[in-house]
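Chain by chain, the residues run as shown.
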Amino acid sequence: MKKEVKFLVAALLASLTFVGVCAAQEQTERPFANKLSAIDVNAPIKAIPREYAQPAQERGELVRVDYPVGDGTKYAVVYLPYGYDAAKRYEIAYVMHGGGDNQNMLLGAPGEPGNGFKNAIDNLIEKGEMSPIIIVAPSFYSGDRGDRGMGDAFRGVQEFPKELVEGLMPTVEEKYSTFADSTSPEDLAKSRGHRLFTGFSMGSLQTWLVLTQQMKYFAVFVPLSGDYWIGGANPRGASPNDKADAIAKAIEEQGFGADDFIIYAATGSKDIAEPNMTPMIDAMKKNDALFGKNMIYRVKEGGVHSFPAFQEYLFNVLPELYKPE
Ligand code: FER
């Protein structure tokens, strides 16, 4: 090879390496790293104190956001923290309800802050116990079907991961300021470290489905009272090891490893999901290389499969994951 050509090849390789390193650094922005290390998994899960359920002085706003799905539209309820400022960047948490519920169940509907959980979030932020974040409450049901059978839930959770990344995320994160520089798939992926998915019961199944299919866009997962049903429908006969292996395989097939995500799982000792979830988590823990350092699991003593339990888990988990600096 001629000297000049060698030089050109070397320069090209050096610049490619440089671009590669920059890309890797962007990919590896990991604000979620170390979030779990300070959490005592044996500490009791706190009930929501009565005063936190009262309206705060500084109240966030609930807005309805319509987004495209196929030929139609669906909507999500979006919580904007008090003093939301489009010039700032916000962490964002997507929260999925359980079977039979809807977009309004967790936080309330716009103008009707519902059952006190929104007040609890307002209060946590007002008291400086949690950073202001954006919370998105969508539904896996199709708005116009209005049906609520188990088959609809199975279909809904299976269809949702695609509509999440193609319709909901781009619409919400275009409208409101998150860590995504734009709503291109590349920028949404680049900001994955600042994006959480959680849900209760069928919403927990939804969380496992998002983890196994859309980890490209999410790094923080909070499955509450629900195990992974392979593919989305109840996998009769799948053992805890089968499920753990399927989750591990899906993570690896998406090109991710132990440093790329965290899982904060929880349920109650009397929850109908506990006998499903605990053995699956135990099977996952056997894969120490993938889950050893980045997964925790808390079980609330006496906790049952109920909406108040869902609220309690989030009330405990969100301030831990979004500790003010
Ligand atoms: C589970 C137990 C119960 C679970 C889901 C449910 C995804 C849902 C029950 C219902 O909607 O009635 O382990 O995991």
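In case you missed it, the structure is sitting above this.
Summarised in this report is the structure supplied together with it. Residue positions are given per chain, counted from 1 along the sequence in the order it is written. Per-residue local features of the predicted model are confined to residues with pLDDT of at least 70, and side-chain atom pairs are confined, for both listing and counting, to 80 or more; whole-chain, interface and lining totals are unaffected and use all residues. To get the side-chain values, all heavy atoms of the structure are used, and hydrogens and water are removed first.

## Quick look at the site of the ligand
The nearness test applies per residue and asks whether one of its heavy atoms lies within 4 Å of the molecule or strand. The environment of the ligand is formed by Met150, Ser201, Met202, Leu205, Gly226, Asp227, Trp229, Ile272, Ala273 and Asn276. Polar contacts, as used here, are pairs of N or O atoms within 3.5 Å; protein pairs need one atom able to donate a hydrogen and one able to accept it. Residues neighboring in sequence count only if both atoms are side-chain atoms. A distance of 2.8 Å is found between an oxygen atom of the ligand and a side-chain nitrogen or oxygen belonging to Asp227. The protein chains shown are the only cover counted for residues, whose accessible areas, like all others here, come from Shrake-Rupley with a 1.4 Å probe. Out of a free accessible area of 370 Å², the ligand has 81% covered by protein chains. For this classification, Asp, Glu, Lys and Arg are treated as charged, while Ala, Val, Leu, Ile, Met, Phe, Trp, Tyr, Cys and Pro are nonpolar and the rest, including Gly, are polar. Of the residues belonging to the shell around the ligand, the class tally is six nonpolar, three polar and one charged.

## Thoughts on the side chain of Asp187
Position of Asp187 relative to the elements: it lies in helix 4 (residues 185-190). Owing to a relative accessible area of 16%, Asp187 belongs among the buried residues under this scheme. Engagement of the side chain of Asp187 in a polar contact is seen with the side chain of Ser182, the distance being 2.7 Å. Helical segments are the DSSP runs of H or I of at least four residues, strand segments are the runs of E of at least two, and each set is numbered from the N terminus. Accessibility here uses a 1.4 Å probe with only protein chains present; expressed as a share of the type maximum, an area under 20% marks a residue as buried, one over 50% as exposed, and anything in between as partly exposed.

## Points about the pairing of strand 8 (residues 295-300)
Among the six residues that make up strand 8, five are buried, leaving the element largely enclosed by the rest of the structure. When DSSP finds two or more bridges between two strands, those strands count as paired. Note: strand 7 (residues 262-268) against strand 8, six bridges, orientation parallel. Along strand 8, the bridge assignment pairs Ala265 with Tyr297.

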